[in-house]
Amino acid sequence: MRDERELTLHRASHKRFFKRPEVVLALSYIIAAIVWEISTNALIPKLPVEADIKTTLIQWEPWAFVALSVVFLFFFIRRIWFLRFKKSRELLHSYLGNSPTVHYELRALDSGGFCVDWVSTNCERILGYSTEEVVAPGWWLNNIHPNDVKTVKKTALRGFEEEQFVCEYRFRHQQGHYVWVRDEVRRSSQKPLRFQGSWTNISADYYDTTSINSGKNSEHDVLSGIALLDGRRRVIAIDTPFTDISGLNESACLNSRLEELLSATEIDDIDGGFPCNQSILIVGRDIDKQRYSAILTVREAPASFPGEAAYIATLSDVTRMKLQQRQLQKLAFFNDLTGLPNSNSLALDLTRLLDELPSDRLAAVIVMNVNHFHQVNDQYGHHIGDKILQRLALRLKKAVPFGTKLYNLGGDEFAVVLNHIVEYIDIQNIILEIQAAYEPPFILSDSQRQVQLAASIGASVYPLDGYDAEKLLAQANLAMNSAKDEHNESSTYFKQELETRSYDEIQLEEDVRSVLQTGQMQLVYQPVLNMQHQVVGVEALLRWEHPDLGSLKPDQFLPQFDANGMLDTLGVWVVEQVIEQIDLWQEQDTVPGKNRY
């Protein structure tokens, strides 16, 4: 299996080698030089010109070759730089297009305002506006929520004194509803005054632990507020809970539409207003400037309802519920001790990666486990062991490549998923970096004592070792356990014999529970001779005649009996079988020493 990998990588490396620009340049130059020499040596003597002219041509031929070489190198290198620049631009364009953050550049106008000189193309995906609309004069201020304009202008003035600042406000989406954005601005030049910044949609970032624990609501109560709307969907009355949830005062709400006051996160088109009889998620800030999340429901008022109200809007605060959902999700997908993603996250991420991985790329799973870490817990206590694991997690995060996610599978076991790997040497280099993270001793702050750790590391590679996440993880664990069993401090890649051995062990583990009732376990008796070649006794030897694995000796199956706590049961069975055999020999008058060999 390893030979096939090496052959595949050898062919791939040769293919990539001959596509490198410097190799193409060298080969092209050599071919051009050969063609030049052959053609000039053949053509100059045959030219219908005088002999002195031919002599001059022969003398200047090397300089002409040098001149053409310079021209060739100039255009070739220019072409290489153009392609690399084009690739970089395409990569940057792709990154900005897929980024969840809109990037922009602002320029101060002489009139005192600002205009957008450039904006990333993802603004249309996130805010609904095309780049042409964004760079139009007055676009930014015209789309800020009216209640936030004054605050935003006051904050923007800080740009004249501070190099960077952050502002959060409501901004009108192209489809009409408002979203919360975090505007991070940095001054790029003083004269002329220019800024670079980014807009991030933070509408989903709705909760804050300080507001949750403020005691405003009890643990199980849901605070609900009511607003009455007239036939034109304008607010004519609100109650106190509505203002407590939304942070809006009554004067700001009256004669306004809910679409102008509240920011919905799940509505694509609200040109006709918030839909009736439908639950809508609303996010914003309450009167204490803390983020909240609420459910808005608009219903037609009953015909018997007094007053001018045509619609009744109910706003229910579900911030606590959303926080609990986030906490449950964190418990399900993150490790409490290290804060790293856990095995559930690893399975999901690896499955997603394999589905999206290009066919010409490799992926690898690296699993690592600290050798004899239980001794650290036994000697120093679990609280010290937990601190060491937290410090180890920080080391490993620095050791893995940038953008690579580190997982804590539980206790002292960690994992890394590598994507877009081209060659095996890349995996080996990363493993060496991981091993180096374990080498420096951990110094205990209270006593200056040192704890030295070592790890067993296993790796599996997609697609050579498997095509799905479950298979790759199982094989990486087999390789890690092999390194641990062989007391090998270095990593071990998955090998086919490891898989076979493991499957055999799994099969034996399943069969040991019923083998004593199947008749597969047998005792064979080996005569014991004295110096005169007389049989003085027999030795009972245990054999397992397995239907799939053949005849097995005790060292092959006793560990499975031990692991399942069945050694005593097997021992009793052996004693009973020996007693029955002795009784049978006595009935047959077969006594040791009766026969000579």
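What counts, and at which threshold
- Counting restarts for each chain: residues are numbered from 1 in the order of the written sequence.
- The predicted origin of the model limits local features to residues at a pLDDT of at least 70 and limits the giving and counting of side-chain atom pairs to 80 or more, whereas totals for whole chains, interfaces and linings rest on all residues.
- Side-chain numbers here rest on the full set of heavy atoms in the structure, without hydrogens or water.
- Numbering of helices and strands starts at the N terminus; helices are DSSP runs of H or I of at least 4 residues and strands are runs of E of at least 2.
- Burial classification: accessible surface area is computed with a 1.4 Å probe over protein chains only, and a residue below 20% of its type maximum counts as buried, one above 50% as exposed, and the rest as partly exposed.
- Each accessible area is a Shrake-Rupley estimate made with a 1.4 Å probe; only the visible protein chains count as cover when residues are assessed.
- Here, strands pair whenever DSSP counts at least two bridges between them.
- Axis definition: a line fitted to C-alpha atoms, over the contacting stretch in the case of helices. Angles run 0 to 180 degrees between N-to-C directions.
- What pLDDT reports is the predictor's confidence in each residue, on a scale of 0 through 100.
- A contact between two residues is defined here by any heavy atoms of the two lying within 4.5 Å.
- Should an angle lie under 35 degrees it is considered roughly parallel, over 145 roughly antiparallel, and from 65 to 115 roughly perpendicular; all remaining angles are considered oblique.
- Each crossing is labelled by how the near helix is turned from the far one, with a counterclockwise turn of less than a right angle marking it left-handed and a clockwise turn marking it right-handed.
- Residues are sorted three ways: Asp, Glu, Lys and Arg are charged, Ala, Val, Leu, Ile, Met, Phe, Trp, Tyr, Cys and Pro are nonpolar, and all the rest, Gly among them, are polar.
- Each patch is built from residues that are more than 30% exposed by relative accessible area and take part in no salt bridge. Like charges join if they lie within 9 Å; nonpolar side chains (Val, Leu, Ile, Met, Phe, Trp, Tyr) join within 5 Å.
- The rule for a salt bridge is simple: a side-chain nitrogen of Lys or Arg has to be within 4 Å of a carboxyl oxygen of Asp or Glu.
- Nonpolar cores are built from buried Ala, Val, Leu, Ile, Met, Phe, Trp, Tyr and Cys residues. Side-chain atoms within 4.5 Å join them into one set.
- Aromatic rings from Phe, Tyr and Trp, with only the six-membered ring used for Trp, were paired whenever their centres fell within 6.5 Å, and each pair was classed as stacked if the ring planes differed by under 30 degrees, edge-to-face if by over 60, and tilted otherwise.
- Any Lys NZ or Arg CZ found within 6 Å of a ring centre and within 35 degrees of that ring's normal is scored as a charge over the ring.
- Taking the helix axis as origin, the arc is that swept by the directions to the C-beta atoms.

A. Fine view of the overall build of the chain. The helix and strand tally for the chain stands at 20 helices and 21 strands. Looking at the chain as a whole, 38% of its 597 residues qualify as buried. Summed over its atoms, the accessible surface of the chain is roughly 35400 Å², and 54% of this surface lies on carbon and sulfur atoms.

B. Representation of the sheet that holds strand E20 (residues 535-546) within the structure. Strand order in this open sheet of three strands is E19-E20-E21, and the pairing throughout is antiparallel. Two strands bound the open sheet, and with one partner strand each, they are strand E19 (521-529) and strand E21 (550-552). Each neighbouring strand pair of the sheet contributes to a mean axis angle of 40°, computed without reference to strand direction. Pairing of E20 with E21, which is carried by three bridges, proceeds in the antiparallel orientation. Among the inter-strand pairings, Trp-544 is bridged to a residue of E21, identified as Leu-552.

C. A look at the sheet that holds strand E11 (residues 311-317). Sheet architecture is open: six strands sit in the order E7-E6-E11-E10-E9-E8, paired in antiparallel fashion. Edge positions in the sheet fall to strand E7 (235-238) and strand E8 (263-264), since each of these pairs with one other strand and no more. As defined by bridge partners, strand E6 (residues 224-229) adjoins E7 across three bridges and the pair is classed as antiparallel. Each residue of the ladder has a partner; that of Leu-228, found in E7, is Ala-237.

D. Highlighting the confidence of the model for the chain. Scored by pLDDT, the chain has a mean of 78; 82% of the residues are at 70 or more. Taking the mean pLDDT of every element in the chain, the minimum, 35, falls on helix H8 (residues 209-212) and the maximum, 91, on strand E13 (residues 406-410). In the predicted structure, residues 206-220 sits below a pLDDT of 50 and forms 27 contacts with residues beyond four places in sequence or in another chain.

E. Looking closely at the packing of helix H15 (residues 382-399) against helix H16 (residues 424-438). Running from N to C, H15 and H16 point in directions that differ by 150°, and their axes come no closer than 9 Å. The angle between H15 and H16 falls in the class roughly antiparallel. When the axes of H15 and H16 are compared, the crossing they make is right-handed. Between H15 and H16, the residues in contact are Leu-392, Arg-395, Leu-396 and Ala-399 and Glu-433, Ile-434, Ala-437 and Tyr-438, respectively. Classifying every residue of the contact of H15 with H16 by side-chain character gives six nonpolar, no polar and two charged.

F. How the structure looks around a nonpolar patch on the surface. Nonpolar side chains collect at one region of the surface, where Leu-47, Val-49, Ile-53 and Leu-57 lie side by side and expose about 280 Å² of accessible area between them. One can find Val-49 in the loop between helix H2 (21-43) and helix H3 (51-98).

G. Structural view of the nonpolar core. In terms of nonpolar packing, the biggest core is built from 37 residues, with Ile-366, Phe-414, Ile-434 and Tyr-438 touching the most fellow members. One finds Leu-127, Ile-144, Val-152 and Tyr-169 within the second-largest nonpolar core, a separate group that totals 25 residues.

H. Local environment of the pattern of salt bridges. Counted by the stated rule, this structure contains six salt bridges. Measuring nitrogen to oxygen at the nearest pair gives 3.8 Å for the salt bridge that ties Glu-105 to Arg-194. Of this pair, Glu-105 sits in strand E1 (residues 101-108) while Arg-194 sits in strand E5 (residues 194-201), placing them 89 residues apart in sequence. A relative accessible area of 26% means that Glu-105 is categorised as partly exposed. Between Glu-168 and Arg-182 there is a salt bridge, with the nearest N and O atoms lying 3.2 Å from each other. Here Arg-182 lies in strand E4 (residues 178-189) and Glu-168 lies in strand E3 (residues 164-172), a separation of 14 residues in the sequence. A relative accessible area of 25% means that Glu-168 is categorised as partly exposed. Taken together, the shared-partner salt bridges in this structure form one network comprising Glu-105, Asp-117 and Arg-194.

I. Summary view of the packing of aromatic side chains. One pass over the full model with this rule turns up twelve aromatic pairs. Members of the aromatic cluster, joined through ring pairs, are Tyr-104, Tyr-129, Trp-139, Trp-140, Tyr-169, Phe-171 and Trp-199. When the ring centre of Tyr-311 is taken as reference, the NZ or CZ atom of Arg-233 above it lies at 4.5 Å. Its end group placed over the ring of Phe-442, Arg-395 keeps NZ or CZ at 3.8 Å from the ring centre.

J. How the structure looks around the pairing of E13. For E13 and strand E14 (residues 413-421), the ladder comprises four bridges, and the chain directions are antiparallel. Bridge pairing links Gly-410 to Glu-413 in E14. The hairpin turn running from E13 into E14, its antiparallel successor, is two residues long, and Gly-411 in that turn takes a positive phi close to 60°.

K. Representation of the environment of Arg-299 in the model. Tracing the chain through its elements places Arg-299 in strand E10 (residues 291-300). In this structure Arg-299 comes out as partly exposed when scored by relative accessible area, which is 44%.

L. Structural context of helix H7 (residues 149-156). Every buried residue of H7 is listed here: Val-149, Val-152, Thr-155 and Ala-156. The arc that holds every buried residue of H7, seen down its axis, measures 130°, which confines them to one face. Within H7, the exposed residues directed more than 90 degrees away from the buried face are Lys-150 and Lys-154. On its buried side, H7 packs onto helix H6 (139-143) and E3.

M. Representation of the packing of helix H13 (residues 343-356) against helix H17 (residues 469-485). Viewed as axis vectors pointing N to C, H13 and H17 meet at an angle of 120°, and their least axial separation amounts to 9 Å. As judged from the angle between their axes, H13 and H17 are oblique. As for the relative orientation of H13 and H17, their crossing is right-handed in sense. Contacts from Leu-346, Ala-347, Leu-350, Thr-351 and Leu-354 of H13 reach H17 at Ala-469, Leu-472 and Leu-473. Of the residues belonging to the contact of H13 with H17, the class tally is seven nonpolar, one polar and no charged.

N. Local environment of unusual backbone geometry. Looking along the chain, the bond that leaves Tyr-462 and enters Pro-463 is cis, with omega of 5°. Secondary-structure assignment places Pro-463 in the loop between strand E17 (455-462) and H17. Phi is positive for Arg-233, which is not a glycine, with a value near 65°. Overall, the relative accessible area of 12% leaves Arg-233 in the buried class. Phi is positive for Asn-255, close to 65°, though the residue is something other than glycine. Structurally, Asn-255 can be placed in the loop between helix H10 (250-253) and helix H11 (258-261). Overall, the relative accessible area of 57% leaves Asn-255 in the exposed class.

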